[in-house]
Amino acid sequence: MMTANPFTISFGRKPENYISREIVSSEIIDCFSSDSPFTNTYILTGVRGMGKTVTMTAVANHFKKLDEWIVIDLNPSRDLLDAFGARLYDALIKNKYELKAINPSAFGVSVLSMEKKDDPVFDIELFNDKLLQTALSKGKKILITIDEAANSSYMRQFALSFQGMLRNEYPVFLLMTGLFQNVTDIQNDKSLTFLLRAKRIDLESLNLSLIKKSYQNILSVPSDQARKMAELTRGYPFAYQVLGYLVFENPSESLSKLMDRYDSYLQSYVYEKIWQESSGNDREFLIAMSKVKGNIKQTAEIKAQSQMDDKTFSVYRDRLIKRGIVKAVKYGEVIFALPRFEEYVQQVNEFDLY
Ligand SMILES: Nc1ncnc2c1ncn2[C@@H]1O[C@H](COP(=O)(O)OP(=O)(O)OP(=O)(O)O)[C@@H](O)[C@H]1O
Ligand SMILES: [Mg+2]
């Protein structure tokens, strides 16, 4: 009987094979655990598939194990203030704290069903404040996580309230993830000034030696093949899973035979989305870039392949670098950050798919 594939191609869950991001996770853990944290808010950014959700979950799991902490995961597409109140109430009840003075129905909210009644005196912030005071008096700290934050009205409303909690010196901490453009949008919102003090970490690609070692251990492939595979992933976490998955399923197949399937996974899970999220100028830059031969591309040559003026060209180059799609290697030189993305762009262009 074949054993289950130890690699995963699904998003958001902590994979069985996890390449450590210890530097990032321990920075956040150390900061939030310290007596005088220099920030209460961390934001993880990175291109799709870079491991934002997985890293956030790893940090959240660390705190979930500790008695002193209450961890509340919030979904940014719902009413965050409501959900926060409901979860905190629930957590305090589970700790068997006396909450009679904070009867949710007195606030016009049936918290556990998370449904607000049409009560004019209902005030969720007041309700949350009472809960926070209880948590504080019991020496609890609260970590709030928000995956895929974007500048929605729920998000703004919640952020303003969180700002108030910080002013009251409640021990609340926030860990969010988001795509570069969405995070920038939130941070630039003039009403959400506390986010300017948030520490932002842009996730980098995984270490190629660790990837190589992991392939050698799990798949028992020779060193040379493991090295080739690691290079083929460019350190992109999702690609690490997909390639491992394919080689595990097809141990006798050569790598070149697996490329078509590798490409289709990358395309349908990530690259098509990235392309959809790209503007006309982003696309023009990427297509021009894919026409320049070689792995490392001179920006001057890319410029010559495009129709853009100097200013537009550099704006879009910078944007693509910040989004994690293009990587600057040194002055005047860039590469595609994601594996097989160049081939994808060439194909889109060849078949006029955009
Ligand atoms: N440190 C890691 N080691 C190994 N695999 C990882 C690691 N981090 C993420 N992965 C794998 O990469 C894929 C994407 O991870 P994740 O869902 O965390 O990405 P994301 O940045 O949240 O993407 P999105 O922006 O689409 O939400 C998953 O298949 C996951 O198993
Ligand atoms: Mg995610």
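Residues numbered from 1 in each chain as written. Chains lettered and ligands numbered in written order. Predicted model: local features only at pLDDT ≥ 70, side-chain atom pairs only at ≥ 80, totals over all residues. Heavy atoms only, no water.

(A) Seen up close, the nonpolar core. Counting residues in each nonpolar core, the largest one holds 69 residues, and the members touching the most others are Ile28, Phe32, Tyr215, Tyr236, Tyr271, Leu286 and Phe341. Top element by residues in this core is helix α10 (residues 255-276). It accounts for ten residues. Not counting residues within four places of it along the chain, the set of residues in contact with Phe32 comprises Thr39, Asn40, Thr41, Tyr42, Phe63, Trp69, Lys141, Leu143, Phe173 and Leu174. Membership of the second largest hydrophobic core comes to 37 residues, among which are Leu80, Leu88, Leu174 and Phe194. (Core = buried A, V, L, I, M, F, W, Y, C linked by side-chain atoms within 4.5 Å. Buried < 20%, exposed > 50% of the residue type's maximum accessible area, 1.4 Å probe, protein only. Helix = DSSP H or I, 4+ residues; strand = E, 2+ residues; numbered from the N terminus. Contact = heavy atoms within 4.5 Å.)

(B) Looking closely at the domain arrangement of the protein. The domains assigned to the protein are domain 1 (22-202), domain 2 (208-275) and domain 3 (279-350). Contact with domain 1, which involves five residues of that partner, is made by six residues of domain 2. Contact with domain 2 buries area across many residues of domain 1, yet Arg48, Gly49 and Met50 alone supply 85% of it, more than any other trio. Counting across the domain 1 and domain 2 interface gives zero salt bridges. At the boundary of domain 1 and domain 2, one finds two residue pairs in polar contact (both at pLDDT 80 or more). Class assignment of the residues belonging to the side of domain 1 that touches domain 2 gives a composition of two nonpolar, two polar and one charged. (Domains from an automatic or database assignment. Buried area = accessible area lost by both parts, 1.4 Å probe. Salt bridge = Lys/Arg side-chain N within 4 Å of Asp/Glu carboxyl O. Polar contact = N/O pair within 3.5 Å; in protein donor to acceptor, adjacent residues only side chain to side chain. Nonpolar A, V, L, I, M, F, W, Y, C, P; charged D, E, K, R; others polar.)

(C) Quick peek at the environment of Ser254. By the secondary structure assignment, Ser254 is in the loop between α9 (237-249) and α10. Spatially, the C-alpha atom of Ser254 lies 9.8 Å from that of Gln225, the residues being 29 residues apart in sequence.

(D) Examining the pairing of strand β1 (residues 41-45) more closely. β1 sits mainly inside the fold: five of its five residues count as buried. Of the pairings in the sheet, the one linking β1 to strand β6 (residues 172-178) comprises five bridges and is parallel in character. Within the sheet, the bridge partner assigned to Ile43 lies in β6 and is Met176. As judged from the four bridges shared by β1 and strand β7 (residues 199-202), these two strands associate in the parallel manner. Counted as the bridge partner of Thr45 is Asp202 from β7. (Pairing = 2+ DSSP bridges.)

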